[in-house]
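Structural description and commentary
Next come the chains, spelled out residue by residue.
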Amino acid sequence: MKKYIDFTLVKILASLYGFVVLVTVVKRLIILFRSNGFGEVDWFSFLFSSFFVDWFLITFYMIIISIITKRMFSKNLKFKYIFMIHICLALLMTWFIFCTAAFTQLLIGNVDIYFVFEKMLTLQHYINFFNVNLIIYFFMASVIYVYFYIEKLNKIEVQRSSLQKQLLNTKMDVLKAQLQPHFLFNTLNSISTLIETNPKQAQNTLVDLSDLLRDILDLKDSNFVTLKSEISLLKKYIDIMEVRFSDHLSIKYKISKGVKNVLVPNMLLQPIIENSIKHGYSAKIKTLDIILAANKKNNKLIIEIFNSGEQIKDDFLNNGNGIKNILNRLKTLYNENFSFEFYNAENEDKGVKTIITIPFNKST
């Protein structure tokens, strides 16, 4: 029930129209007192059939309108369609109230069947009160829209805060991985070895290490970067790894034309490549091949990362933060509009494969 009905909104609508009904009751009481007094007033008929029924019907109908409005709000319909739907619902509401109120009067004995059809359920009677009901309808509908708009703004703010936290966590995890003693030691040891045999490559590796650490520290809080920028940062890390592992590490890129300017989540690829290298090597596997591919299909960007290394165990996702952080960020950024597959590639010379599918949004 809570999935379809927002009970906080129901309370607001019921209270607002309850206030309108209260004002109307007070107004009618003043008129009655000034004319004939209260001596001959049928209080049950006066309060129940004239006001309580009206309050109940309007509140009930507005609950239905709130459910319909919520669906339209989430679908981002064009204004002309929303306006036409609300006009139809306003017309229906007036007729619904007229019919229900008329038969309520009939059931409690205030009128007979002839009076209902000849006086109450006539076009003239409908037109006489339509303008008032129209104002009531659009006032209540406006309250519904304001409520959902404020709710949406709050969700966006929570989402923004969550994304910033997730991006910071990812950034710190990557930076922590690069600053681990064994990473720096092995990289500096490789540079030291290259100084005598290949000074130029030693210099390039040192520059790559410096640029990598600086770029990670200088990362902006933006949640999206172009695929080209993401790969540019990734290559600095890969260049260092290729120096360390020499001929035992091979990385190939298969990036289709037209996808380099597509927006992807910041720091999406590096944690996956790091996992591939960190967990890919084993006592049996001394050479590692990694393939990074990206292409467009059905207005989606599909990123595939394959490594020929050690296959993952069943509890791999529960023991590491890297992949879980990526999943959390993808869920926050795209809701359900993405897919993330991470599995052992049994039919492709073993290894591990990661497939990420996200909306194809180009940078403007």
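Above this text is the structure in question.
The structure displayed is predicted, hence computed values, not measured ones.

Turning our attention to the overall build of the protein. Across its full length, the protein holds eleven helices and seven strands. Burial status across the protein gives 40% buried among its 364 residues. Only carbon and sulfur atoms are counted for the fraction: they give 60% of the accessible area of the protein, which is about 21,800 Å².

The nonpolar side chains of soluble globular proteins are, as a tendency, buried together. In this structure, Leu269, Ile277, Leu301, Ile303 and Leu330 are the most contacted members of the largest nonpolar core, which totals 44 residues. If one sorts the elements of this core by residue count, helix 8 (residues 227–245) sits on top with eight residues. Ignoring anything within four residues of it in the chain, the contact list for Leu269 reads Leu227, Glu230, Ile231, Leu234, Leu292, Ile303 and Ile305. Within the second largest apolar cluster, 22 residues are counted, among which are Tyr17, Val21, Val25 and Met140.

Right, let's get into the packing of helix 8 against helix 9 (residues 270–280). The geometry of helix 8 relative to helix 9 is characterised by a closest axis approach of 10 Å and an angle of 15 degrees between their N-to-C directions. Considering their axes alone, helix 8 and helix 9 lie roughly parallel with respect to each other. The two elements helix 8 and helix 9 meet at a crossing, and its hand is right-handed. In contact with Glu230, Leu233, Leu234, Tyr237, Ile238, Met241 and Phe245 of helix 8, helix 9 contributes Gln270, Ile273, Glu274 and Ile277. Class assignment for the residues of the contact of helix 8 with helix 9 results in eight nonpolar, one polar and two charged.

Inspection of the sheet shows strand 2 (residues 249–255) paired to strand 4 (residues 288–297) by seven bridges, in the parallel sense. Bridge pairing links Leu249 to Leu288 in strand 4. The pairing of strand 4 with strand 5 (residues 300–307) spans eight bridges and is antiparallel. Considered in strand 5, the bridge of Asn295 is made with Ile302. Hairpin connection between strand 4 and strand 5: a loop of two residues separates the two successive antiparallel strands, and Asn298 in this loop has a positive phi of roughly 55 degrees.

Any aromatic ring pair is given by two values, namely how distant the centres are and how the planes are angled relative to each other. Counted under the stated rule, the structure contains four aromatic pairs. Here the aromatic rings of Tyr147 and Phe148 are separated by 5.8 Å at their centres, their planes lie at 70 degrees, and the arrangement is edge-to-face. Phe148 sits in the buried class, given a relative accessible area of 3%. Ring geometry for Phe224 against Tyr334: centres 6.1 Å apart, planes inclined by 65 degrees, an arrangement best described as edge-to-face. With Phe224 in strand 1 (residues 224–226) and Tyr334 in helix 11 (residues 322–334), this pair connects stretches of sequence that are 110 residues apart. A relative accessible area of 8% means that Tyr334 is categorised as buried. Cation over ring: Lys235 sits above Tyr253, and NZ or CZ is 5.0 Å from the ring centre. Cation over ring: Lys296 sits above Phe360, and NZ or CZ is 4.5 Å from the ring centre.

What counts, and at which threshold
- Residues numbered from 1 in each chain as written.
- Predicted model: local features only at pLDDT ≥ 70, side-chain atom pairs only at ≥ 80, totals over all residues.
- Heavy atoms only, no water.
- Helix = DSSP H or I, 4+ residues; strand = E, 2+ residues; numbered from the N terminus.
- Buried < 20%, exposed > 50% of the residue type's maximum accessible area, 1.4 Å probe, protein only.
- Areas by Shrake-Rupley, 256 points an atom, 1.4 Å probe, with all protein chains shown as cover.
- Core = buried A, V, L, I, M, F, W, Y, C linked by side-chain atoms within 4.5 Å.
- Contact = heavy atoms within 4.5 Å.
- Axes fitted to C-alpha atoms, helices over the stretch in contact; angles between N-to-C directions.
- Parallel < 35°, antiparallel > 145°, perpendicular 65-115°, else oblique.
- Left-handed = near helix turned anticlockwise from the far one by under 90°.
- Nonpolar A, V, L, I, M, F, W, Y, C, P; charged D, E, K, R; others polar.
- Pairing = 2+ DSSP bridges.
- Phe/Tyr/Trp six-rings, centres within 6.5 Å; stacked < 30°, edge-to-face > 60°.
- Lys NZ or Arg CZ within 6 Å of the ring centre and 35° of its normal.

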